[in-house]
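An overview of the molecular structure
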Amino acid sequence: MVILGEKEYFKGINEIKYEGRESDNPLAFKFYNPDQVVAGKTMREHFKFAMAYWHTMGGVGNDPFGPGTKLFPWATSNDPIVAAKEKADAAFEFITKMGFDYYCFHDFDLVEEASSLSESEKRIQIMVDYLKQKMNASNTKLLWGTANLFSNPRYMNGAASNPNFEVVAWAGAQLKIAIDATIALEGENYVFWGGREGYMSLLNTNMKLEQDNVGRFMRMARDYARSNGFKGNFFIEPKPMEPTKHQYDFDAATSINFIREQGLEEDFKLNIEVNHATLAQHTFQHELQVAANAGMLGSIDANRGDYQNGWDTDQFPNNIYEAAEAMLVFLKSGGLQGGGINFDAKTRRNSTDLEDLFLAHIGGADTFARGLLVADAVLNNSNYETLLDNRYASFEEGKGQEFVEGKLTLEDLSKLAKRLSEPEQISGKQELYENILNQHI
Ligand code: XUL
Ligand code: CO
């Protein structure tokens, strides 16, 4: 059901429906069919698509070379609460016209930060009440909330990792407000993306103290949220660089080590973002697999990078091959634990029609849907799984099985190998696997 505020912002655009790949309607899904069951769940349940408040409602296209280009008709008032309510009206019109069930926000995406913490807190509370009504009316849910602990100049040296304790305390106050808002809106998860939690030069940095302080900060967040009834997951969102040169949550493996080192493994999982994976010189699917192996595949921030440059371009997903490989990991590891797929992506600076926001999200949803269908077909209609199982068949019986069960010593391996002749050469058959994937696209 479409939920409008006082004004309709996206005039002429109705609820986006699935029309199938033969449709020429640009404002229709070609592959994302919310009610279609794939591998035992509807697409809606698999993906839990979410709108990112910051990009979709707030990203006006400014870059280091020029100001914003997008004249969003909401949030034009000078009164911060009026502007915030208009933005919320536009957000819920957009979410419900897209047919999505979820959204995500940073505290100050909802309303402009005030000059004092207590005034900011009041503003957020007003917006929480307003959003509650919108959510109830539309059955929309909060996938995750977070605090923006990186934009304000006070966080230029970091938030929880700041060398000045007073800034850490400020960050804590802001974190508490964001957790309170997330709990009040029944947020299903809470995210930590370590925007400036890292460093530019080791010369002026006590890395160990900074990282331990981030750990302490997260344990405080967990303890506070749990004692206030929060049942959801906490996610760390890895990113290797940008804005700092060395970010502490470099990639999935680094973040998993941090989670375990800091005793957070009962409560924390990962939110894997495509463009962050590629900035870390990994593939998206690699990062998903690393998270899944640790039982920590929590959520996804969907976007894509650009193969020709090295920064976070946050483009909307459109790479079907990449999505299909990712969805193989997704299906084989049983999907996401608690999270969903948040479009942390922005339209290009020169995509200035309001309609472009819809086209971008439609393309993103269709890319994931198509990836899911391809992965499901590969798993069910090809010998992919058999090939992969056979590749490791030597661990299923005999000495290989004893090795896996931990029954052999290094001396046993040595004795065994001396009795064997040179092992048979066995092809990895990468091209065959690639052809199978392509065959199902
Ligand atoms: C930045 C990024 C953030 C987080 C939330 O690269 O991805 O928007 O998702 O703070
Ligand atoms: Co993100």
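Here the structure is a predicted model, which is why all the values come from computation and not from measurement. (Residues numbered from 1 in each chain as written. Chains lettered and ligands numbered in written order. Predicted model: local features only at pLDDT ≥ 70, side-chain atom pairs only at ≥ 80, totals over all residues. Heavy atoms only, no water.)

**Details of the domain arrangement of the protein chain**
Filter applied, for reference: Residue ranges assigned to each domain were obtained from an automatic or database domain assignment. Whether two residues are in contact is decided by their heavy atoms: any pair within 4.5 Å suffices. As a working definition, buried area equals the accessible area (1.4 Å probe) given up by two parts on being put together, with both sides summed. Salt bridge, as used here, is a side-chain nitrogen of Lys or Arg placed within 4 Å of a carboxyl oxygen of Asp or Glu.
Along its sequence, the protein chain is carved into domain 1 (17-381) and domain 2 (384-440). One C-alpha centre belongs to domain 1, the other to domain 2; they are set 39 Å apart. Contacts between the two partners involve ten residues from domain 1 and, on the opposite side, eight residues from domain 2. Across the domain 1 to domain 2 interface the summed buried area is about 830 Å²; carbon plus sulfur atoms make up 70%. Looking only at domain 1, the three residues that lose the most surface to domain 2 are Tyr321, Lys332 and Val378, adding up to 56% of its buried area. Where domain 1 meets domain 2, there are one salt bridge. The salt bridge partner of Lys332 is Glu385, with a shortest N-O separation of 3.0 Å.

**Quick word on the coordination of the cobalt ion (ligand 2)**
Filter applied, for reference: Because no water is among the atoms considered, metal sites can look incomplete, with donors defined as N, O and S atoms within 2.8 Å of the metal, or 3.2 Å for Na, K and Ca. In this scheme the shape depends on donor count and angles: four donors with every angle between 85 and 135 degrees give tetrahedral, four or six donors with opposite pairs above 155 degrees and others between 65 and 115 give square planar or octahedral in turn, and any other case is irregular. Note on conventions: DSSP H or I runs of at least 4 residues are helices, E runs of at least 2 residues are strands, and numbering of each starts at the N terminus. Exposure classes here rest on a 1.4 Å probe applied to the protein chains alone. A residue is buried below 20% of its type maximum, exposed above 50%, and partly exposed in between.
Bound to the cobalt ion (ligand 2) are the protein donor atoms Glu237 (OE), Glu273 (OE), Asp301 (OD) and Asp344 (OD), situated 1.9 to 2.1 Å from the metal. Relative to the metal, the six donor atoms surrounding the cobalt ion (ligand 2) lie at angles of 80 to 173 degrees, and the coordination shape comes out octahedral. All donors of the cobalt ion (ligand 2) belong to a single chain; written as a sequence motif, their spacing is E-x35-E-x27-D-x42-D. Of this pair, Glu237 sits in the loop between strand 10 (233-236) and strand 11 (246-247) while Glu273 sits in strand 12 (residues 268-273), and the two are 36 residues apart along the sequence. Note on accessibility: Glu237 and Glu273 belong to one class, buried.

**Re the sheet that holds strand 12**
Hydrogen bonds along the backbone pair up the strands of a sheet, which may run parallel or antiparallel. Cut-off, in case you're wondering: Two strands make a pair as long as DSSP finds a minimum of two bridges between them. Here an axis means a line fitted to C-alpha atoms, over the contact stretch when the element is a helix, while the angle between two N-to-C directions is reported on a 0 to 180 degree scale.
Spatially, 5-6-7-8-10-12-13-14 is the arrangement adopted by the eight strands of the closed barrel, whose pairing is parallel. On average, adjacent strands in this sheet sit at an angle of 30 degrees to one another, irrespective of strand direction. Of the pairings in the sheet, the one linking strand 13 (residues 297-301) to strand 14 (residues 341-343) comprises two bridges and is parallel in character. Directly across from Asp301, in strand 14, lies its bridge partner Asn342. On top of the sheet, helix 7 (residues 207-227) reaches strand 8 (189-192), strand 10 and strand 12; it is set at about 160 degrees to strand 10, its chief contact.

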